[in-house]
Amino acid sequence: MTTSSNESNLKKNKIFKYLIPSLVGIVIGLCGYILYLSKAHSYLSDDPKACVNCHIMEPEYATWLHSSHGRNTVCNDCHVPHDNVFRKYYFKANDGLRHATMFTFRMEPQVIKMHAPGQKVVQENCIRCHSTLVSEVRLGKVTAPMAHADNGKLCWDCHREVPHSRVRGLNAAPSSPVPIIDDMGENTPQWIQDLVKDKK
């Protein structure tokens, strides 16, 4: 009797010996594949083309590209903190996770608006880049919380057209050129490549 129980224990141990590493390998493989499909590596860069990995951002990309800011800045110059590297990458990770969750579960709004932490960062960066202008006009440094408490205005309250003009939804810039086949080595489906070649 003890021989059969030892044999069954050995069989169970063999199953677990191969089953657990196999499951761990499958989970790691799926996670890696999801990271590859979502182009997660592109978000570590400052390349603006990473912002149009999600089609919903195409109007924002197109309007930025054709603005005065398109010649001198990239998306992260305005939308990411620059006071220290830890805050920068924490903000990018937090905001990226929020965006990925919204786009994955189709929770994105028809009209994209910045949430409060994003407004704070953009306001900081407006002042950082245009500090000479702000001090010359003697407006003082109005922070986003101050503006929300009616103690001043956010820069884009007056400068509404900078740098995204008036993006009002998914169809705000339907014919604007955005990078379809980009330099990041992504695999664009062949039918899209053929369509682009036919239009040229």
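Residues numbered from 1 in each chain as written. Predicted model: local features only at pLDDT ≥ 70, side-chain atom pairs only at ≥ 80, totals over all residues. Heavy atoms only, no water.

## Quick notes on the packing of aromatic side chains
Any two aromatic rings considered together are summarised by their centre-to-centre distance and by the angle between their planes. Worth spelling out the cut-off: Aromatic pairing here means that ring centres of Phe, Tyr or Trp (its six-membered ring) are within 6.5 Å. Orientation follows from the plane angle: under 30 degrees is stacked, over 60 is edge-to-face, and everything else is tilted. Helix and strand definitions follow DSSP, with helices as H or I runs of at least four residues and strands as E runs of at least two, each counted in order from the N terminus. Partly exposed residues are those whose accessible area sits between 20% and 50% of the maximum for their type, while under 20% is buried and over 50% is exposed, using a 1.4 Å probe and protein chains only.
Taken as a whole and assessed by the stated rule, the structure comprises one aromatic pair. Pairing Tyr61 with Trp64 gives two aromatic rings, centres 5.5 Å apart and planes at 55°, and the pair type is tilted. Within this pair, Tyr61 and its partner Trp64 are both found in helix H2 (residues 58-65), separated by three residues, close to a single helical turn. We note that Tyr61, like Trp64, is buried.

## As for the side chain of Gln119
To be explicit about the condition: Here a residue-residue contact requires only that any non-hydrogen atoms of the pair lie within 4.5 Å.
Along the chain, Gln119 turns up in helix H6 (residues 116-129). Apart from residues lying up to four places away in sequence, Gln119 is in contact with Met114, Ala144, His148, Leu154 and Trp156.

## Section: helix H5 (residues 85-104)
Counted only if it meets this: Here the expected length of a helix is defined as 1.5 Å per residue gap, with one fewer gap than residues. Counting of polar contacts relies on pairs of N or O atoms within 3.5 Å, with two restrictions inside protein: one atom must be capable of donating a hydrogen and the other of accepting it, and residues adjacent in sequence are counted only when both atoms are side-chain atoms.
The terminal C-alpha atoms of H5 lie 28 Å apart, and with 20 residues this matches the ideal 28 Å at 1.5 Å per residue to within 8%. The opening residue of H5, the one whose side-chain oxygen lies 3.1 Å from the backbone nitrogen of Phe86, is Asn84. Immediately beyond the C-terminal end of H5, within one or two residues, lies Arg106, with a positive phi of roughly 55°.

## Some words on the confidence of the model for the protein chain
In low-pLDDT segments, the atomic positions of the prediction should not be examined closely. Spelled out, the test is: A residue's pLDDT is the predictor's confidence in that residue, given on a scale from 0 to 100.
Summary statistics for the protein chain give a mean pLDDT of 78 and a share of 75% for residues scoring 70 or more. Averaged pLDDT values for the elements of the protein chain fall to 66 in helix H10 (residues 190-199) and rise to 92 in helix H4 (residues 75-79). Taken together, the stretch residues 181-185 has pLDDT below 50 and engages in nine contacts with residues farther than four places along the chain or on a different chain.

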